[in-house]
Amino acid sequence: MAKLQPVRGTHDLLGDEARSHLAIVEAARDVADRYGYGPMSTPVFEFTDVFQRTLGDTSDIVTKEMYTFEDKGGDSLTLRPEGTAGIARAVISGGLRNELPLKCFYSGPMFRHERPQKGRLRQFHQIGVELIGVAEPTGDVEVIALAADILDTLGILEDTTLELNTLGDSESRALYRDALVAYFTGVADKLSDDSRERLTRNPLRILDSKDKGDREVIADAPVFGDYLSAPAQEFFGAVCQGLDTIGLGYTLNPRLVRGLDYYSHTAFEFTTESLGAQGTVLAGGRYDGLIETMGGAATPGVGWAAGIERLSMMLAEPVARTRPITLIGLGEDGERETVRLARTLRQAGLTIELVYKGGLKRGLRRADRINAAAAVMIGDDELARNAATVRDLDSGEQTDVAIADLTDHLAAYR
Ligand code: ATP
Ligand code: MG
């Protein structure tokens, strides 16, 4: 029998953590809705090709991190490592091109075989948005503003920095690539093995390396800004200006490259000092070439994704549940009445916990343990008067309330 352990790098979401995850998704979806980004959900697995072709043969995800398996029909499938490729696939296979611009919000589990550590899991969860079919820099500004508003709603925007860069157009990237190859070839002996390999396959990726030795060499590498074409410069200027217009502060980071092949123009990350090594909470950029790479008609796009586990760790406090009201029925008739009342009060929008078993003492102990705000006690005495005893569990004050008035009386605890 398999060990009764969660698989390494996976975890159960329990209690407050589960509640926080859900609250993050709900808060984000709410903000996204206001921006006109509706919910969208694609499968957690796709044909391997969907990721292989789009993320690039040299990306870390494709070379090292994918959960790929052959299914019983002999197809090669992969658990999605990220959300954008699946949505791009859906745009093509679902004929969504007639509905552009497509604005969508998604959330769900992603899978990457990486070395588990704090803030780095093998099954983790993301929220994300995509804006597909808009080539204008206004689109970039909108998705970044949406990201900032979600972080603000969660109360953590202040703890983050928006870092911004441009990866230019393909013309600029070709020029820059040559410059990088020339530079890194000269210092190849100082590079890590991984980066030496990237030198021939995808030198831009070296800039993304987290290796300490690499970082030193990277510090003196040519800067993309010097190789940007005039149109690419103009595009980036417009994005910066748009962010200025809405009053969103940012830091230019010329070393910021996204790990995936499909990005162009704008790249951005919201980073934080509060999570140690795993400092990127939300990351995204423009991917104008992606859908064409997949075999669809050329369609621009821009979007981002954020790790829910990292967002959750940044919340000052776990999201609290509404304090419940405990109903304690004493004796058979009292119990029956609480069962009836519980449903009525819940339907009226109150948060109600029933004590399933045991007397007054046990009921109050349970109320205390679940941090109930009030206890409603109904025994034969109360029933005879068609009333209930309501105890405020903070002040200890007790009130006799007619059952018909209970909903109104308890509204204070909503
Ligand atoms: P990193 O540099 O941390 O590996 P990444 O560039 O691989 O990040 P993206 O693919 O841009 O990350 O994913 C967007 C966000 O998803 C990250 O900023 C992070 O919050 C979250 N994320 C990515 N990988 C993991 C993981 N293995 N565990 C938990 N969260 C993750
Ligand atoms: Mg990664």
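### Here's the deal with a negative patch on the surface
Part 1: A contiguous patch of negative charge, built from Asp149, Asp152, Glu158 and Asp159, is present on the exposed surface.
Part 2: Within the secondary structure, aspartate 149 sits in helix 5 (residues 137-153).
Part 3: Judged by relative accessible area, aspartate 149 falls into the partly exposed class, the value being 33%.

### Here we look at a positive patch on the surface
Part 1: Together, Lys357, Lys361, Arg362, Arg365 and Arg369 make up a region of like positive charge exposed at the surface.
Part 2: Within the element layout of this structure, arginine 369 appears in helix 13 (residues 360-369).

### Some remarks on the sheet that holds strand 4 (residues 76-79)
Part 1: Read across the open sheet, the 3 strands follow the order 2-4-3; overall the sheet is antiparallel. A strand with exactly one partner marks an edge of an open sheet, and here the two such strands are strand 2 (45-47) and strand 3 (67-70). Each neighbouring strand pair of the sheet contributes to a mean axis angle of 30°, computed without reference to strand direction.
Part 2: As paired elements, strand 3 and strand 4 share 4 bridges and run antiparallel to each other.

### Let's talk about the environment of glutamate 130
Part 1: With respect to the helices and strands, the residue glutamate 130 is situated in strand 6 (residues 123-132).
Part 2: Separated by 43 residues in sequence, glutamate 130 and isoleucine 87 place their C-alpha atoms 8.3 Å apart.
Part 3: Other than its neighbours up to four places away in sequence, glutamate 130 contacts Tyr37, Gly83, Thr84, Ile87, Leu102, Lys103, Cys104, Tyr106, Tyr287, Val302, Gly303 and Trp304.
Part 4: In this structure the side chain of glutamate 130 is engaged in a polar contact, spanning 2.7 Å, whose partner is the side chain of threonine 84.

### What about the pairing of strand 5 (residues 102-111)?
Part 1: Burial analysis of strand 5 places 7 of its 10 residues in the buried class, which makes it a mostly covered element.
Part 2: Taken together, the 2 bridges between strand 1 (residues 38-39) and strand 5 define a ladder with parallel strand orientation. Considered in strand 5, the bridge of glycine 38 is made with cysteine 104.
Part 3: Pairing analysis gives 10 bridges linking strand 5 to strand 6, with the strands arranged antiparallel. Bridging from a neighbouring strand, phenylalanine 111 pairs with glutamine 123 of strand 6.

### Section: the domain arrangement of the protein chain
Part 1: For the protein chain, the assigned domains are domain 1 (15-169 + 229-314) and domain 2 (325-413).
Part 2: When each unit is reduced to the centre of its C-alpha atoms, the spacing between domain 1 and domain 2 is 47 Å.

### A word on the packing of helix 2 (residues 48-55) against helix 4 (residues 84-93)
Part 1: Between helix 2 and helix 4, whose axes approach to 9 Å, the crossing angle comes to 110°. The angle between the axes of helix 2 and helix 4 places the two elements in the roughly perpendicular class. The residues of helix 4 that touch helix 2, namely those facing Val50, Phe51 and Thr54, are Ala85, Gly86 and Arg89.
Part 2: Partitioned by chemical class, the residues of the contact of helix 2 with helix 4 number 3 nonpolar, 2 polar and 1 charged.

### Some details on the packing of aromatic side chains
Part 1: This structure, assessed with the given rule, holds 4 aromatic pairs.
Part 2: Each ring, one from tyrosine 176 and one from phenylalanine 224, has its centre 4.5 Å from the other, and the planes form 10°; the classification is stacked. Remark: phenylalanine 224 occurs in the loop between helix 8 (212-219) and helix 9 (230-245) and tyrosine 176 occurs in helix 6 (residues 170-186); sequence separation between them is 48 residues. Take tyrosine 176 and phenylalanine 224: they sit in the same class, and that class is buried.

### Considering the sheet that holds strand 14 (residues 374-378)
Part 1: The strand order across the open sheet built from 5 strands is 13-12-14-15-16, with neighbouring strands paired in mixed fashion. The open sheet has two edge strands with one neighbour each: strand 13 (352-354) and strand 16 (398-402). Adjacent strand axes in the sheet meet at a mean angle of 25° when their direction is disregarded.
Part 2: The sheet strands contacting helix 12 (residues 331-347) are strand 12 (325-329), strand 13 and strand 14, and the helix crosses strand 12 at an angle near 155°.
Part 3: Docked against the sheet, helix 13 engages strand 12, strand 13, strand 14 and strand 15 (387-392), running at close to 170° with respect to strand 12.

### Notes on the pattern of salt bridges
Part 1: In the structure shown here, the tally under the stated rule is 14 salt bridges.
Part 2: Across the pair glutamate 114 and arginine 120 runs a salt bridge, and its minimum N-O distance is 3.0 Å. Of the two residues, glutamate 114 and arginine 120, both sit in the buried class.
Part 3: Where salt bridges share partners, they join Asp140, Arg286 and Asp288 into one cluster.

### Describing the environment of alanine 367
Part 1: The topology assignment puts alanine 367 in helix 13.
Part 2: The sequence separation of alanine 367 and threonine 326 amounts to 41 residues, and the corresponding C-alpha distance is 5.9 Å.
Part 3: Beyond its immediate chain neighbours, meaning those up to four positions away, alanine 367 contacts Thr326, Ala372 and Leu393.

Conventions and cut-offs
Residues numbered from 1 in each chain as written. Chains lettered and ligands numbered in written order. Predicted model: local features only at pLDDT ≥ 70, side-chain atom pairs only at ≥ 80, totals over all residues. Heavy atoms only, no water. Patch = residues over 30% accessible without salt bridge, like charges linked within 9 Å, V, L, I, M, F, W, Y side chains within 5 Å. Areas by Shrake-Rupley, 256 points an atom, 1.4 Å probe, with all protein chains shown as cover. Salt bridge = Lys/Arg side-chain N within 4 Å of Asp/Glu carboxyl O. Lys, Arg positive; Asp, Glu negative; His and termini not counted. Charge placed at Lys NZ, Arg CZ, Asp CG, Glu CD. Helix = DSSP H or I, 4+ residues; strand = E, 2+ residues; numbered from the N terminus. Buried < 20%, exposed > 50% of the residue type's maximum accessible area, 1.4 Å probe, protein only. Pairing = 2+ DSSP bridges. Axes fitted to C-alpha atoms, helices over the stretch in contact; angles between N-to-C directions. Contact = heavy atoms within 4.5 Å. Polar contact = N/O pair within 3.5 Å; in protein donor to acceptor, adjacent residues only side chain to side chain. Domains from an automatic or database assignment. Parallel < 35°, antiparallel > 145°, perpendicular 65-115°, else oblique. Nonpolar A, V, L, I, M, F, W, Y, C, P; charged D, E, K, R; others polar. Phe/Tyr/Trp six-rings, centres within 6.5 Å; stacked < 30°, edge-to-face > 60°.

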